[in-house]
Amino acid sequence: MTKRLDGKVALIAGGGQVPGETMGNGRATALTFAREGAKLVIADIDLAAAEETRRQVEAAGGQAVTVQGDVTKEEDCARCAEAAKAAYGRVDILHNNVGVSPGDSGPTTITAAAWRRILDVNLTGMLLMAKQVLPVMQAQRAGVITNISSMLSITSDSTVEASSCDPTAGEGQIAYRVSKSGVNSLTESLAMSQAPNGIRVNAILPGLMATPTAIEWLMDQTGQSRAALVEQRDRQVPLGGKQGTAWDVANAALFLASDEARFITGALLPVDGGQSLRRG
């Protein structure tokens, strides 16, 4: 039986994850892509986290190599692309999953260092990774880039439950929101410029997800119990009153990476249980 990503090579930036009880978006995407036949290059600033993803991929019968890299450093992004070419000779899919928010705050309280760090990681890092894989994809006359944005890029802060339990968010999460809005614009710009090369570029906009990056960090910042925090976040989701999981993001990424989405580029796909319908 043919798998949806048979013969494809996927570079996943941010393929490890922080510790936690649940699955992170990058690791879930790696496992999903591998299950559907892709060969993987798992990149992460934390090599041990990338290696754990590789072990899980291989335990499930998949194939993967790892590479350590910081997406804010152009030479590291180049090394990630070179690792893919060295291992498999091509890059068919770039999955840009890296993102941070610690240090974010409102406009009167955020530090310049925090602002720069969040934009460097969340936005510039995606450009630098794309810059390195695009020549490979252009030579192939085919490729897919999927950027992980956020529901917060298209909705008001007041729609996000995290704002009511995040002590930094009284005036909004300005750097994170601006960075993810920039990811949307970057996605559309790349989609337009690369369409003649047969390269598709889309973004996924996750809503409230039960991932370690969200839950463990908020537990640490607020002192709330896991049960209380999960219940508070679940309340805000229109579809079924329950947060999404990393598998929801991974399944959307699989669709966008597959030939089923061959005529889709420049799309900003909410994966949020309808939360982005509350725009304002």
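Quick notes on the rules
- Residues numbered from 1 in each chain as written.
- Predicted model: local features only at pLDDT ≥ 70, side-chain atom pairs only at ≥ 80, totals over all residues.
- Heavy atoms only, no water.
- 1 Å grid on protein atoms, 1.4 Å probe; cavity = no way out; pocket = protein on both sides within 12 Å on 5 of 7 lines; lining within 4 Å.
- Points joined across faces, edges and corners; volume = space filled by probe spheres on them.
- Helix = DSSP H or I, 4+ residues; strand = E, 2+ residues; numbered from the N terminus.
- Disulfide = S-S within 2.5 Å.
- Buried < 20%, exposed > 50% of the residue type's maximum accessible area, 1.4 Å probe, protein only.
- Salt bridge = Lys/Arg side-chain N within 4 Å of Asp/Glu carboxyl O.
- Axes fitted to C-alpha atoms, helices over the stretch in contact; angles between N-to-C directions.
- Left-handed = near helix turned anticlockwise from the far one by under 90°.
- Contact = heavy atoms within 4.5 Å.
- Nonpolar A, V, L, I, M, F, W, Y, C, P; charged D, E, K, R; others polar.
- Expected span 1.5 Å × (residues − 1).
- Core = buried A, V, L, I, M, F, W, Y, C linked by side-chain atoms within 4.5 Å.
- Pairing = 2+ DSSP bridges.

A.B. asks: Got a minute to help me understand the layout of surface pockets in this structure?
C.D. replies: To locate leftover empty space, one rolls a probe as large as a water molecule over the atoms. In this structure, the largest pocket spans a volume of roughly 1,200 Å³. For the largest pocket, the lining is made up of 48 residues, of which Gly99, Val100, Tyr176, Thr213 and Ala214 are closest to its centre. When contributions to the lining of the largest pocket are tallied by element, the ones reaching two or more residues are α1 (25-35), β2 (39-44), α4 (112-140), α6 (174-194) and α7 (212-222). The element best represented in the lining of the largest pocket is α7, accounting for four residues.

A.B. asks: Sorry if this is basic, but what is going on with the state of the cysteines here?
C.D. replies: Put plainly, a disulfide is one covalent bond tying together the sulfur atoms of two cysteines. Within the structure shown, the criterion is met by zero disulfides. Here cysteine 80 is not disulfide-linked; the sulfur of cysteine 77 is the nearest cysteine sulfur, at 6.1 Å. Looking at cysteine 80, the relative accessible area reads 3%, which means it is buried.

A.B. asks: What is the right way to read the environment of aspartate 76 from this model?
C.D. replies: Mapped onto the elements of the fold, aspartate 76 is located in helix α3 (residues 74-88). As a C-alpha pair, aspartate 76 and aspartate 120 span 44 residues in sequence and 14 Å in three-dimensional space.

A.B. asks: What's the story with the pattern of salt bridges in this structure? I'm lost.
C.D. replies: In a structure, side chains of opposite charge can pair up when their charged atoms sit close to one another. Counted under the stated rule, the structure contains 12 salt bridges. With a closest N to O distance of 3.2 Å, arginine 79 and aspartate 76 form a salt bridge. Of this pair, arginine 79 and aspartate 76 are both found in helix α3, three residues apart, which corresponds to roughly one turn of the helix. In this structure arginine 79 comes out as partly exposed when scored by relative accessible area, which is 35%. Salt-bridge contacts for lysine 85 lead to glutamate 82; the nearest nitrogen and oxygen are separated by 2.9 Å. Within this pair, lysine 85 and its partner glutamate 82 are both found in helix α3, separated by three residues, close to a single helical turn. You can call glutamate 82 partly exposed: its relative accessible area is 45%.

A.B. asks: What exactly am I supposed to notice about the packing of α3 against α4 here?
C.D. replies: For any two helices packed against each other, the geometry is given by the interaxial angle and the distance between the axes. Taken N-terminus to C-terminus, the directions of α3 and α4 make an angle of 35°; their axes are 8 Å apart at the nearest point. Our pair here, α3 against α4, has a crossing hand that is right-handed. Residues Glu74, Cys77, Ala78, Cys80, Ala81 and Lys85 of α3 lie in contact with α4, whose contacting residues are Leu128, Met129, Lys131, Gln132, Val133 and Val136. Looking at the contact of α3 with α4 residue by residue, the class counts come to eight nonpolar, one polar and three charged.

A.B. asks: It is not clear to me how α6 should be interpreted in this structure. Could you clarify?
C.D. replies: Structurally, the α-helix is built with 3.6 residues per turn, so residues lying three or four positions apart point the same way. Compared with an ideal rise of 1.5 Å per residue, which puts 21 residues at 30 Å, α6 spans 30 Å between its outermost C-alpha atoms and is within 8% of the ideal. Those residues of α6 that fall on the buried side of the exposure criterion are Ala175, Tyr176, Ser179, Lys180, Gly182, Val183, Asn184, Leu186, Thr187, Leu190, Ala191 and Gln194. For α6, the elements touching its buried residues are α4, β5 (143-148), β6 (199-206) and β7 (268-271).

A.B. asks: Even after reading the chapter, I still don't get the nonpolar core, so can you show me in this structure?
C.D. replies: Within soluble globular proteins, side chains that are nonpolar tend to cluster in buried spots. Membership of the largest hydrophobic core comes to 30 residues, with the highest contact counts inside it found for Leu11, Val91, Leu94, Met129, Val133, Met137 and Ile145. Those elements giving two or more residues to this core turn out to be β1 (9-13), β2, α3, α4, α6 and β6. Counting residues per element, this core draws most heavily on α4, which supplies nine residues. If near-sequence neighbours (up to four positions away) are discounted, valine 133 is found in contact with Leu11, Ala81, Val91, Leu94 and Ile145. Counting 29 residues, the second-largest nonpolar core is a separate cluster that includes Met23, Ile42, Ile204 and Ala246.

A.B. asks: How do you make sense of the sheet that holds β5 when you look at a structure like this?
C.D. replies: Sheet strands line up and pair through hydrogen bonds in the backbone, either parallel or antiparallel. As summarised here, the arrangement of the seven strands in space is β3-β2-β1-β4-β5-β6-β7, forming an open sheet in which the pairing is parallel. Of all strands in the sheet, those with a lone pairing partner are β3 (63-68) and β7, marking the two edges. Across the sheet, the axes of successive neighbouring strands diverge by a mean angle of 20°, strand direction being ignored. Where β6 and β7 come together, four bridges link them in parallel fashion. In the strand pairing of β7, isoleucine 204 is matched with leucine 269. The strands touched by α4 within the sheet are β1, β4 (93-96), β5 and β6, with β5 carrying the most contacts at an inclination of about 170°. In the packing of helix α9 (residues 246-257) onto the sheet, contacts are made with β4, β5, β6 and β7, and the angle to β6 comes to roughly 165°.

A.B. asks: What is the right way to read the pairing of β6 from this model?
C.D. replies: Sheet faces and side chains relate simply in a regular strand, where the side chains alternate between the two faces. β6 sits mainly inside the fold: eight of its eight residues count as buried. On β6, burial covers both faces: Ile199, Val201, Ala203 and Leu205 on one face and Arg200, Asn202, Ile204 and Pro206 on the other are all buried. Bridging between β5 and β6 involves six bridges; their strand directions are parallel. Across the sheet, residue isoleucine 148 finds its bridge partner in β6, namely isoleucine 204.

Bear in mind that shape data such as this cannot, by itself, settle questions of function.
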